[in-house]
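Letter by letter, the chains look like this.
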Amino acid sequence: MTYGDGVVKSRTAREKADDGYVPSTRRIERERFKRARARRATAVAALSTLVTGAVLFLVITRSPGWPRTRETFFSPEYARMALPKVLDGLLLNLRLLVVCGAAVLVLGLLLAVARTLRGPVFFPLRALAAAYTDFFRGLPLIICLLMVVFGVPALRLQGVTTDPVLLGGSALVLTYSAYVAEVFRAGIESVHPSQRAAARSLGLSGGQALRFVVLPQAVRRVVPPLLNDLVSLQKDTGLVSIAGAVDAVYAAQIIAGKDFNFTPYVVAGLVFVALTIPMTRCTDWITARMDRRRAQGGLV
């Protein structure tokens, strides 16, 4: 009998033994204990949640100002009145999210690539990209919106739009592209230099190594933080209302300004929350999936 035959017979014996495996009494008891502990932990968590919710409900509803607060912020009549108009304005927020999100990803990637270019000839480009990211990351978004929305039309430049939607979207792109650029740059710098060196040794140029080897790995690694930035962008599209664009927030403001009832703001907030939660859960799922693949060695 050869060595290979012995390995095959040994493997077959192990497979037969695995097929007839019977867990020991100690293991069965241990698994039963784990299941009982999990059920007990679930029951305790559910009970504590119910108690906490009940306490909060009683504290809020028994407060002296609750009747007036309920009428001002949680009026069913105003909620029914505001919901259709808020949903109509929400279409503008969704369009801004799609268009600005695509522009932010492209501009952020270009800025990140510019900051990672090597060689003294690219120093001016690296300096400009660094100055851009430092400036717009430090500038509050609300101030950027005010400067763009009201400052650009004041210049009276020929051919420059004065549309508040376009100007507000431009301000969002300017600010968020700086944050996304740093996310992309972190992903690029996380790729080990040996990857670039191996690509160059195979005959790829510096640009080809960046495009075909470095960027695919970098983008996969930064997908979760990029999705978090898009979630934040989805919420901040409501700030274009300061320019007069009728989005979900401004539609709520118009209704609330008539009778000084703030229920439309609550409706608009709940609509944004309903959009944000699925995106957040999707981000968590993608993050967990990538972590599992990385732990199994399936993701570089």
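Residues numbered from 1 in each chain as written. Predicted model: local features only at pLDDT ≥ 70, side-chain atom pairs only at ≥ 80, totals over all residues. Heavy atoms only, no water.

(A) Quick look at the state of the cysteines. Scanning all chains against the criterion turns up zero disulfides. Distance from the sulfur of Cys-100, which forms no disulfide, to the nearest cysteine sulfur (Cys-144) is 12 Å. Residue class for Cys-144 comes out buried when judged on its relative accessible area of 2%. (Disulfide = S-S within 2.5 Å. Buried < 20%, exposed > 50% of the residue type's maximum accessible area, 1.4 Å probe, protein only.)

(B) View of the pattern of salt bridges. Following the criterion strictly, the structure yields six salt bridges and no others. Residue Arg-137 pairs with Glu-182 through a salt bridge whose shortest N-O separation is 3.5 Å. Here Glu-182 lies in helix H7 (residues 164-190) and Arg-137 lies in helix H5 (residues 123-138), a separation of 45 residues in the sequence. By sharing partners, the salt bridges in this structure join Arg-115, Arg-137, Glu-182, Arg-185 and Glu-189 into a single network. (Salt bridge = Lys/Arg side-chain N within 4 Å of Asp/Glu carboxyl O. Helix = DSSP H or I, 4+ residues; strand = E, 2+ residues; numbered from the N terminus.)

(C) Structural view of the packing of helix H6 (residues 141-155) against H7. It is the contact of H6 with H7, at a shortest axis distance of 9 Å, that shows an interaxial angle of 135°. Our classification of the angle between H6 and H7 gives oblique. Seen along the crossing, H6 lies across H7 with a hand that is right-handed. From H6, Leu-141, Cys-144, Leu-145, Val-148, Val-149, Val-152 and Pro-153 reach across to H7, where they touch Leu-167, Gly-168, Ala-171, Leu-172, Leu-174, Thr-175 and Tyr-176. Grouping the amino acids of the contact of H6 with H7 by side-chain chemistry returns twelve nonpolar, two polar and no charged. (Axes fitted to C-alpha atoms, helices over the stretch in contact; angles between N-to-C directions. Parallel < 35°, antiparallel > 145°, perpendicular 65-115°, else oblique. Left-handed = near helix turned anticlockwise from the far one by under 90°. Contact = heavy atoms within 4.5 Å. Nonpolar A, V, L, I, M, F, W, Y, C, P; charged D, E, K, R; others polar.)

(D) Up close: helix H10 (residues 223-236). Spanning 14 residues, H10 covers 20 Å between terminal C-alpha atoms, matching the ideal 20 Å at 1.5 Å per step. Taken residue by residue, H10 has Pro-224, Leu-226, Asp-229, Val-231, Leu-233 and Gln-234 as its buried positions. Elements that come into contact with the buried residues of H10 comprise helix H4 (76-115), H7, helix H9 (206-221) and helix H12 (263-295). (Expected span 1.5 Å × (residues − 1).)

(E) Structural view of unusual backbone geometry. The phi angle at Arg-156 is positive, at roughly 55°, despite the residue not being glycine. As for its position among the elements, Arg-156 is in the loop between H6 and H7. Although it is not a glycine, Phe-260 adopts a positive phi angle of roughly 55°. Along the chain, Phe-260 falls in the loop between helix H11 (248-259) and H12.

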